[in-house]
Amino acid sequence: MLINIHDSISLASKLTPKRISNAWKVWRSYQRSVKLGESLISGLPISMAIEPTTACNLRCPECPSGLRSFTRPTGKLDVSLFEKIMNDVSDHLLYLTFYFQGEPYLNPQFLDMVQIASKHKIYTTTSTNTHFLDDANARKTVESGLDRLIISIDGASQETYESYRKEGDLTKVLEGTKNILKWRKALRSKGPKVVWQFLVVRPNEHEIPKIKRLAKEYGVDKVAFKTAQIYDYENGNDLIPTIEKYSRYKQTSDGNYQIKNKWENKCWKMWQSCVITWDGQVIPCCFDKDASHSMGNVSEKKFQEIWHSQSYDQFRRSLLKSRSEIEICKNCTEGLTVWA
């Protein structure tokens, strides 16, 4: 509860008349679009995810970064391109996630970019496997002004942790947690709030009670249990949890599996957010791992031009018509998370 109160206060502190006006325009245009079945877009994104890098040190089995399976180019976001993006959107943007694919701390300019966004008074968050959060990086992270730090910790023992986080070291995750909390206290900073995120899969679901106890011991602010996106789920998969509430999928009468939720011909994300890859491609959402629906590149055009482009308009229109026919929507559950 406390972290929710903190987030509300922190987000409220980022509000400006321009951002409030923009959010209202976006919401109203979304409501009208759904009602009329037309792509009517007004304003700019309220939130955005930007990819610091596609590189990752781990090899998680359901992650394109871990599998090294991208068909798109891999690389690191340059701070000069990030500054261009900020110049285009900072007046209206409220919430910025420094994550799409890859491990953010592998980009040496990552915390510089966080600091730039913080100076624009944008709420900032990132997700990390914490293998690079040594004492020096922990201090820099607190000093950068980051609002929320999501730490992936998918096991309470090394054996369980590395069963999914291939080549990972739980000791480094725990040390990184200690480092960030130590510097937050030493610098008398309110942030970042620290969230342990536990991606629930069958091999680790038995450690859910243990991770809750461990979180209290370490003093993290919150534990989040996230359902896992699994690519080959129809015929069952050893990663699908047996605990129903932590699974995105359910077994049908014929023994196969399907996604629990229904595909409605609407999606709030297409009006209020987007993702920008490390090389500047603007894509609709985080389910487009290979940037197969690039709407344009911010290194070549202003963001506003891309956001209101004919190609983006056509994509939103097709979603309102038949979302189930869009490939990246077929495994979408809006990233369901269960809070402890």
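What counts, and at which threshold
Here the residue numbering is sequential within each chain, running from 1 through the sequence in written order. Totals for whole chains, interfaces and linings use every residue, but because this is a predicted model, local features are given only for residues with pLDDT of at least 70 and side-chain atom pairs only at 80 or more, for both listing and counting. Just so you know, side-chain values use all the structure's heavy atoms and leave hydrogens and water out. Throughout this description, the term nonpolar core refers to a set of buried Ala, Val, Leu, Ile, Met, Phe, Trp, Tyr and Cys residues connected via side-chain atoms within 4.5 Å. Only protein chains enter the accessibility calculation, which uses a 1.4 Å probe. A residue is then buried if its area is under 20% of the maximum for its type, exposed if over 50%, and partly exposed in between. Contacts are residue-level and defined by heavy atoms, with any inter-residue pair within 4.5 Å sufficient. pLDDT measures the predictor's confidence residue by residue and takes values from 0 up to 100. A run of DSSP states H or I qualifies as a helix once it reaches four residues; a run of E qualifies as a strand once it reaches two. Both are numbered from the N-terminal end. Should DSSP find at least two bridges between two strands, the strands are regarded as paired. Between the rings of Phe, Tyr and Trp (Trp by its six-membered ring), a pair exists once the centres lie within 6.5 Å; its type follows the angle of the planes, with under 30 degrees stacked, over 60 edge-to-face, and the other angles tilted. Here, a salt bridge means any side-chain nitrogen of Lys or Arg that lies within 4 Å of a carboxyl oxygen of Asp or Glu.

Caption draft 1: Representation of the nonpolar core in the model. Counting 91 residues, the largest nonpolar core has M48, F82, M86, L96, W196 and F303 as its most contacted members. When residues no more than four places from it in sequence are discounted, the contact partners of W196 are I151, I153, L174, T177, I211, L214, A215, Y218, V220, K222, V223 and A224. One finds F100, V275, I283 and A291 within the second-largest nonpolar core, a separate group that totals five residues.

Caption draft 2: Structural detail: the confidence of the model for the protein. Mean pLDDT for the protein: 92, with 96% of residues reaching 70 or above. Counted against residues more than four places away or in other chains, residues 335-339, with its pLDDT under 50, gives 18 contacts.

Caption draft 3: Structural view of the pairing of strand β1 (residues 47-50). Burial along β1 is two-sided: S47 and A49 and M48 and I50, pointing in opposite directions, are all buried. As judged from the three bridges shared by β1 and strand β2 (residues 95-98), these two strands associate in the parallel manner. What sits directly across from S47, in β2, is Y95. Direction of pairing for β1 relative to strand β9 (residues 275-276): parallel, over a ladder of two bridges. Residue pairing in the sheet places I50 in a bridge with I276 of β9.

Caption draft 4: Structural context of the packing of aromatic side chains. This structure, assessed with the given rule, holds 14 aromatic pairs. With 5.5 Å between their ring centres and 40° between their planes, F82 and F98 make a pair best called tilted. Of this pair, F82 sits in helix α4 (residues 79-89) while F98 sits in strand β2, and the two are 16 residues apart along the sequence. F98 carries the same exposure label as F82, and that label is buried. Ring centres of Y233 and Y249 lie 4.5 Å apart, and the angle between their planes is 25°; this geometry places the pair in the stacked category. Of this pair, Y233 sits in the loop between β6 (222-227) and β7 (249-251) while Y249 sits in strand β7, and the two are 16 residues apart along the sequence.

Caption draft 5: Structural detail: helix α5 (residues 110-119). Burial analysis of α5 places seven of its 10 residues in the buried class, the great majority of the element. Of the positions making up α5, those classed as buried are F110, L111, M113, V114, I116, A117 and S118. Considering only its buried residues, α5 is in contact with α4, β2, β3 (123-128) and α6 (135-144). Downstream of α5 by one or two residues, K121 has phi in the positive range, about 60°.

Caption draft 6: Main features of the pattern of salt bridges. All chains considered together, the criterion is met by 13 salt bridges. Across the pair K18 and D91 runs a salt bridge, and its minimum N-O distance is 3.4 Å. Of this pair, K18 sits in helix α2 (residues 17-36) while D91 sits in the loop between α4 and β2, and the two are 73 residues apart along the sequence. Under the relative-accessibility criterion, D91 is labelled partly exposed at 42%.

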